[in-house]
Amino acid sequence: MEISPILGPAAVLVLWSLVVLVWMTSTRFPAFAKAGINVANTPRGARYADVEQNMPAKVNWVSHNYTHLMEQPTIFYAAVLILAVAGDASDINLYAAWAYTVLRIVHSLWQGLVNIVKVRVTLFTLSTICLWVLAINGVRATVF
């Protein structure tokens, strides 16, 4: 069985998401300690949103970005799988998939380190255009 190269960008984004998870954890737990929050003694059902206002902005930026990586990229993973199953790893789809992945990584770094919203929105918009290309080509490869 031949592995479609369109899966490569998705695999990289999965790995990046796990890197951001480690980044989030490594910033969040020291911030908890500094704020006097002992995770072992939190009330049943407590969530990060309950203490978010007590955390430094940069800790929240990384946390928010991790959440973002669990949102729109799910559409990316579906689009890439559809294209892989349909056998469409054409150049345009490979470029769009790699561009999406690189833009999301840059978006993560920007949001976690600098977080000027105007730039972040531009990165998000560019990655969304790539996603549109993948989605439309996924429909084209499977419906028409």
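Note that the structure is a prediction, hence the values are computed from the model and not measured.

## Re the environment of Val-14
Tracing the sequence through the fold places Val-14 in helix H1 (residues 7-34). Considering only alpha carbons, one finds Val-14 and Pro-73, 59 residues apart in sequence, at a separation of 9.3 Å.

## Some remarks on a nonpolar patch on the surface
A contiguous nonpolar patch, built from Leu-109, Leu-113, Val-114, Ile-116 and Val-119 and spanning about 380 Å² of accessible area, is present on the exposed surface. Following the sequence through the fold, Leu-109 ends up in helix H4 (residues 91-113). The class for Leu-109 is partly exposed, based on a relative accessible area of 36%.

## Notes on the packing of H1 against helix H3 (residues 73-86)
Where H1 meets H3, the closest approach of the two axes is 9 Å, and the angle between their N-to-C directions is 155°. On the basis of the axis angle, H1 is roughly antiparallel to H3. Judged by the twist between their axes, the crossing of H1 over H3 is left-handed. Here Leu-7, Pro-9, Ala-10, Leu-13, Val-14 and Ser-17 of H1 lie close against H3, whose contacting residues are Pro-73, Phe-76, Tyr-77, Val-80, Leu-81 and Ala-84. Within the contact of H1 with H3, the residues separate by chemical class into 11 nonpolar, one polar and no charged.

Calculation criteria
Residues numbered from 1 in each chain as written. Predicted model: local features only at pLDDT ≥ 70, side-chain atom pairs only at ≥ 80, totals over all residues. Heavy atoms only, no water. Helix = DSSP H or I, 4+ residues; strand = E, 2+ residues; numbered from the N terminus. Patch = residues over 30% accessible without salt bridge, like charges linked within 9 Å, V, L, I, M, F, W, Y side chains within 5 Å. Areas by Shrake-Rupley, 256 points an atom, 1.4 Å probe, with all protein chains shown as cover. Salt bridge = Lys/Arg side-chain N within 4 Å of Asp/Glu carboxyl O. Buried < 20%, exposed > 50% of the residue type's maximum accessible area, 1.4 Å probe, protein only. Axes fitted to C-alpha atoms, helices over the stretch in contact; angles between N-to-C directions. Parallel < 35°, antiparallel > 145°, perpendicular 65-115°, else oblique. Left-handed = near helix turned anticlockwise from the far one by under 90°. Contact = heavy atoms within 4.5 Å. Nonpolar A, V, L, I, M, F, W, Y, C, P; charged D, E, K, R; others polar.

Remember that the coordinates give geometry; whether it matters functionally is a separate question.
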